[in-house]
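One-letter residues, chain by chain:
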Amino acid sequence: MSISRRDFIKDHAALAVGATLTPLALQDLFAAPALTARVVQANLPSAKSGAEADHVLRALDRGMEALLQMPGKEAWAEIVSPRDIVGLKVSCLAGKYFSTHSSLVQAIITRLVSIGLKPGQIIIWDRLNMDLQGAGFTLNQNPQQALCYGNDAAGYSQALYEYQSACSRLSRIVTDHCTAIINLPVLKDHGIVGISAGLKNFFGAIDNPNKYHDSCGDPYVADVNMIPALRSKVRLTICDAITAQYEGGPPFMRQWNWPMRSLLLAKDMVALDRICWTIIENKRSENNLPTLRDAGRYPSYIHTAALRGLGTDDLQKIEVIDV
Amino acid sequence: MSASVLYDRREFMTCAAGGLCFLMAAPARTKAVHSAMKTDQLVEARYYEKLPNRKIKCLLCPRTCVIDDLERGYCGVRENRDGIYYTLVYGKPCTLHIDPIEKKPLFHFLPGSEALSIATAGCNVFCKFCQNWEISQSRPEQLPSLDLAPAKLVALTREKKCPVIAFTYNEPVVFTEYMYDIAEKARGVGVHTAMISNGYIQAKPLKDLCRVLSAVKIDLKAFSERFYKELVSGQLQPVLDSLILLKQEKIWFEIVYLVIPGQNDDPHELSSLCKWIYKELGPGVPLHFTRFYPQYRLTNVPATPLQTLQKARQIAQDAGLQFVYSGNVPGDPGENTYCSKCSELLIKRMGYAIAENRIKTGQCPKCRTPIPGVWK
Ligand code: SF4
């Protein structure tokens, strides 16, 4: 059944507002500042194990429709065109137990192909081939299927890219191979920068992330994301929070990992990170852990990213939709 | 292909001409890059402590990085794997070249010697004016490298009849385990070793190195914490501490100061620096003021005017320093060594070449004043 965009909005607008995580009384709606960013939390049904492909696909579809406020195919067509070469930036550092789920990647590929992209126009990528393999992805250079390789296989730009504190070479996957990027981080606590979600995931796009860990990554994380050659290609972030971790990151630490069973979708990466930060703080509080500020790793880079104009970190201006 | 690889190719051509090409064959180099990443082939780091939850604290340089499992330190060449800290560059030089020792520069250390010079990826600071950023700011997997264990490197040095091995181009502190093992083996067969360093290292590893190295050159990048913070991403004080330690350890060392217009060329700063050297290290430590050329992230700053270098030399001489040089200015009289007592010309240099060396048994041939250094 196909639904037109207008029908979709008419049918879903009330539901979306009603399902907002921070529901507002009608009179408050008029007084509240204008919402400028939207973050969708698309939930998977609770299950004992894993990221079952059909559940993930359905959550993805609900999430995209709520985010773009239009039916699935149209929503995807808003993000990429059939002519794009789309890079799917996964997060694989933490290995098979705590990386972007392959079922999420597969679900996205299915939807991209449904709007006319060929599998060979899709590149699954991260820093190292070894990391991708460790997370369960199969390296592939055959365009009959989605391509999959690391920066170590692609190499880095010869040119240096600078934005204020950042000065790096970019992965050639960013500069030469892709025309659009969909960011697929995982949600986790991070031992140096506080939290790792959308913005931090692009440390995997540069040659020298080790140089940017001082002062909790502030302003480096923001500045890397401001590099125009990267920023201009990032279309969407879908944070894999099927499992998430509130302490001990970035490696997988079973005792602090929990099955959140959600996908978090946003076009505004700063807004997404701000919501992710709240989720991690809430979970830390539930588990009697100190706040990230008290733990000495306050993720101030998120606010810096907002100041740079990358998005909004003002919770009053972020609409959170739970579907 | 990145500029760093082109740089290596240039090195490769030089090496090939000198007969080192067997080490540089492409398949072996590619293989080296991949094998470097396998844990069972890595060498454990020597200066770190284990922390709870598979974290570690690196104790090699003043940064003392605290590193989670799977992460690397600031230098990018040391990695925590399951709570054990590894060096990723042991036995993996990315550059191998034969240079005159004057290029380091070391002017009072075996003048005219050839130094088999090696580097790996990585650096523990982030200078905006780095000349070798293509290797120093890279991670090991981003550069082709060789498989060259210490014994093999020492054997190669002897085969090439080089009296010195120099650890240079990138910051050798970050490959300290490799450097130490090479130096220890080289010492056993009468080959000298020299570390060309920023001095950003903790006391314990530096003391250990002093037992096996023959000479050290320290790049003192400025005499202000502001400069170190803004242009180096480091701190001055640990470098000064290293210099004092080198003096205490009685190892031969020289100091290089790259003079950058408007950044570290203030006469008061230079005067304070020279007075500090005189007081803490003594008048006989050679000090090289070298000329800056626009590089890396500092392309908007002009090259150092010759007058600035001359003025810097004058300030140092006025402070009582006896061996003050200018560098990166071929043909300048500031390249030569003069007797500290009678001003006799002792070593005449043209760029990196020695035109004349009149020092006999470490003394001025005219007035017999001992000239500090390692002369044979
Ligand atoms: S050597 Fe490297 S890892 Fe160790 S403290 Fe220095 S920068 Fe950090």
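Residues numbered from 1 in each chain as written. Chains lettered and ligands numbered in written order. Predicted model: local features only at pLDDT ≥ 70, side-chain atom pairs only at ≥ 80, totals over all residues. Heavy atoms only, no water.

## Some points on the overall build of chain B
And then number 1: A tally of helices and strands in chain B yields 10 helices and 17 strands.
And then number 2: For a compact globule of 376 residues, the expected C-alpha radius of gyration is about 21 Å, and chain B comes in at 20 Å, within 12% of that figure.
And then number 3: Dimensions of chain B, computed from the C-alpha atoms along their principal axes, are close to 60 × 45 × 40 Å.
And then number 4: In chain B, buried positions account for 61% of the 376 residues.
And then number 5: Looking at chain B alone, contacts between residues at least 24 apart form 66% of all its contacts between residues at least 6 apart.
And then number 6: For chain B, the exposed area adds up to about 14,500 Å²; of that, 53% sits on carbon and sulfur atoms. (Helix = DSSP H or I, 4+ residues; strand = E, 2+ residues; numbered from the N terminus. Rg over C-alpha atoms; globule rule 2.2 N^0.38 Å. Buried < 20%, exposed > 50% of the residue type's maximum accessible area, 1.4 Å probe, protein only. Contact = heavy atoms within 4.5 Å. Areas by Shrake-Rupley, 256 points an atom, 1.4 Å probe, with all protein chains shown as cover.)

## A word on the overall build of chain A
And then number 1: When helices and strands are counted, chain A shows 12 helices and 13 strands.
And then number 2: Expressed as a percentage of the 323 residues in chain A, the buried residues total 58%.
And then number 3: Of the contacts formed within chain A by residues at least 6 apart in sequence, a portion of 72% connects residues at least 24 apart.
And then number 4: Of the accessible surface of chain A, which amounts to about 12,800 Å², a share of 52% is contributed by carbon and sulfur atoms.

## Digging into the confidence of the model for chain A
And then number 1: This prediction gives chain A a mean pLDDT of 90; 88% of its residues lie at or above 70.
And then number 2: Low confidence marks residues 1-29 of chain A, where pLDDT is under 50. Its contacts with residues over four positions away, or in another chain, come to 26 contacts. (pLDDT = per-residue confidence, 0-100.)

## Structural notes on the sheet that holds strand β1 (residues 43-44) of chain B
Residues and elements named next belong to chain B.
And then number 1: If you walk across this open sheet you meet the 3 strands as β1-β6-β5, and the pairing is antiparallel. Here the strands that pair on one side only, and so sit at the sheet edges, are β1 and β5 (78-81).
And then number 2: Where β5 and strand β6 (residues 84-87) come together, 4 bridges link them in antiparallel fashion. Each residue of the ladder has a partner; that of Arg 78, found in β6, is Thr 87. (Pairing = 2+ DSSP bridges.)

## Regarding the site of the ligand
And then number 1: In the neighbourhood of the ligand, the contacting residues comprise B:Cys58, B:Leu60, B:Cys61, B:Arg63, B:Thr64, B:Cys65, B:Gly73, B:Tyr74, B:Cys75, B:Tyr85 and B:Asn124.
And then number 2: Split by residue class, the shell around the ligand holds 7 nonpolar, 3 polar and 1 charged. (Near = heavy atom within 4 Å. Nonpolar A, V, L, I, M, F, W, Y, C, P; charged D, E, K, R; others polar.)

## Some details on the interface of chain B and chain A
And then number 1: In this assembly, 33 residues from chain B lie in contact with 32 residues from chain A.
And then number 2: It is B:Leu70, B:Tyr74 and B:Arg297 in chain B that bury the most area against chain A; as a group they hold 21% of the surface buried on that side.
And then number 3: Where chain B packs against chain A, one counts 2 salt bridges.
And then number 4: At the junction of chain B and chain A, the tally comes to 11 residue pairs in polar contact (both at pLDDT 80 or more). (Buried area = accessible area lost by both parts, 1.4 Å probe. Salt bridge = Lys/Arg side-chain N within 4 Å of Asp/Glu carboxyl O. Polar contact = N/O pair within 3.5 Å; in protein donor to acceptor, adjacent residues only side chain to side chain.)

## Quick notes on the environment of A:Leu310
Residue and element names in this part refer to chain A.
And then number 1: Tracing the backbone shows Leu 310 in the loop between α12 (301-308) and β13 (318-322).
And then number 2: Once the C-alpha coordinates of Leu 310 and Met 269 are considered, the two residues, 41 residues apart in sequence, prove to be 7.7 Å apart.
And then number 3: When sequence neighbours within four positions are dropped, the list of residues in contact with Leu 310 reads Leu 199, Ala 222, Asn 225, Met 226, Arg 231, Asp 268, Val 270 and Ala 305.

## Some words on the packing of aromatic side chains
And then number 1: Per the stated rule, a full pass over the model turns up 17 aromatic pairs over all chains.
And then number 2: Where A:Tyr246 meets A:Trp258, the ring centres are 5.8 Å apart and the plane angle is 55°; that geometry is what we call tilted. Of this pair, A:Tyr246 sits in the loop between β10 (234-245) and β11 (257-258) while A:Trp258 sits in strand β11, and the two are 12 residues apart along the sequence.
And then number 3: A:Tyr246 gets classed as buried once you look at its relative accessible area, which sits at 7%.
And then number 4: Centre to centre, the rings of B:Phe175 and B:Tyr178 are 6.1 Å apart; their planes meet at 55°, and the pair counts as tilted. For the pair formed by B:Phe175 and B:Tyr178, the shared burial category is buried.
And then number 5: Through successive ring pairs, a cluster of aromatic residues spans A:Phe203, A:Tyr212, A:Tyr220 and B:Phe126.
And then number 6: When the ring centre of A:Trp277 is taken as origin, the NZ or CZ atom of A:Arg274, which lies over that ring, is 4.4 Å away.
And then number 7: The cationic tip of B:Arg349 hangs over the ring face of B:Phe107; the distance from NZ or CZ to the ring centre is 3.9 Å. (Phe/Tyr/Trp six-rings, centres within 6.5 Å; stacked < 30°, edge-to-face > 60°. Lys NZ or Arg CZ within 6 Å of the ring centre and 35° of its normal.)

## Brief notes about the sheet that holds strand β17 (residues 353-357) of chain B
Backbone hydrogen bonds hold the strands of a sheet together, and the pairing may be parallel or antiparallel.
All names here are of chain B.
And then number 1: Overall, antiparallel pairing links the 3 strands, which are arranged β15-β16-β17 in an open sheet. Each having just a single partner strand, β15 (337-338) and β17 make up the two edges of the open sheet.
And then number 2: By the bridge criterion, 2 bridges tie β15 to strand β16 (residues 345-350) in an arrangement that is antiparallel. By the bridge assignment, Tyr 338 is partnered in β16 with Leu 345.

## Some details on the pairing of strand β14 (residues 324-327) of chain B
Residues and elements named next belong to chain B.
And then number 1: Judged by which residues are buried, β14 turns out to be covered on both faces: Val 324 and Ser 326 on one side and Tyr 325 and Gly 327 on the other are all buried.
And then number 2: Of the strand pairs in this sheet, strand β13 (residues 287-291) and β14 are connected by 4 bridges, and their pairing is parallel. Among the inter-strand pairings, Phe 289 is bridged to a residue of β14, identified as Ser 326.
And then number 3: After leaving β13, the chain enters helix α10 (residues 306-318) and then returns to the sheet as β14, a path that is right-handed. (Right-handed = clockwise from strand over helix to strand, strands pointing away.)

## A look at unusual backbone geometry
And then number 1: In this structure, A:Pro219 follows A:Asp218 across a cis peptide bond, with omega equal to 10°.
And then number 2: Here A:Pro219 shows up in the loop between β9 (194-196) and α9 (220-226).
And then number 3: In this structure, the amide linkage connecting B:Lys104 to the following residue, B:Pro105, adopts the cis form with an omega of -15°.
And then number 4: One non-glycine residue, A:Cys216, adopts positive backbone phi at about 50°.
And then number 5: One can find A:Cys216 in the loop between β9 and α9.
And then number 6: At B:Thr64, a position not held by glycine, the phi torsion is positive, near 40°.
And then number 7: Looking at the secondary structure, you find B:Thr64 in the loop between β3 (56-58) and β4 (66-67).

## What to know about the side chain of B:Arg139
And then number 1: You can see B:Arg139 is positioned in the loop between α3 (133-136) and α4 (150-159).
And then number 2: In contact with B:Arg139, other than residues within four places in its own chain, are A:Arg127, A:Asp207, A:Pro209, A:Asn210, B:Arg72, B:Gly76 and B:Ala121.

## A short note on the pattern of salt bridges
And then number 1: Overall, the coordinates contain 37 salt bridges over all chains when judged by the stated rule.
And then number 2: The partner of A:Arg172 in a salt bridge is A:Asp176, and the shortest N-O contact between them spans 2.9 Å. One end of the pair, A:Arg172, and the other, A:Asp176, are both in helix α8 (residues 172-177), 4 residues apart, so they sit about a helical turn from each other.
And then number 3: Notably, a salt bridge pairs B:Asp99 with B:Lys103, separated by 3.5 Å at the nearest N-O pair.
And then number 4: For B:Lys103, a relative accessible area of 35% puts it in the partly exposed group.
And then number 5: Each of B:Arg72, B:Glu79, B:Arg81, B:Arg139 and B:Glu141 takes part in salt bridges that share partners, so that together they form one network.

## Regarding the nonpolar core
Nonpolar side chains tend toward joint burial in soluble globular proteins.
And then number 1: Counting 157 residues, the largest nonpolar core has A:Leu187, A:Leu264, B:Phe129, B:Leu243 and B:Phe289 as the members making the most contacts within it.
And then number 2: Tallying contributions element by element places helix α11 (residues 269-286) of chain A first for this core, with 9 residues.
And then number 3: Three or more residues apiece are contributed to this core by two domains, here domain 1 (34-87) and domain 2 (95-338) of chain B.
And then number 4: A:Val40, A:Ala107, A:Ile122 and A:Ile124 belong to the second largest nonpolar core, which has 43 residues in total. (Core = buried A, V, L, I, M, F, W, Y, C linked by side-chain atoms within 4.5 Å. Domains from an automatic or database assignment.)

## With respect to the side chain of B:Glu269
All names here are of chain B.
And then number 1: Looking at the element boundaries, Glu 269 is found in helix α9 (residues 267-280).
And then number 2: Buried charge without a salt bridge: Glu 269, with Arg 226 as the nearest opposite-charge side chain at an N-O distance of 5.6 Å.
And then number 3: From its side chain, Glu 269 meets the backbone nitrogen of Phe 223 in a polar contact 2.8 Å long.
And then number 4: Side chain to side chain, Glu 269 and Tyr 257 meet in a polar contact 3.3 Å long.
And then number 5: Apart from the residues within four sequence positions on either side, Glu 269 is in contact with Ala 222, Phe 223, Ser 224, Tyr 257, Gln 263 and Asn 264. (Lys, Arg positive; Asp, Glu negative; His and termini not counted.)

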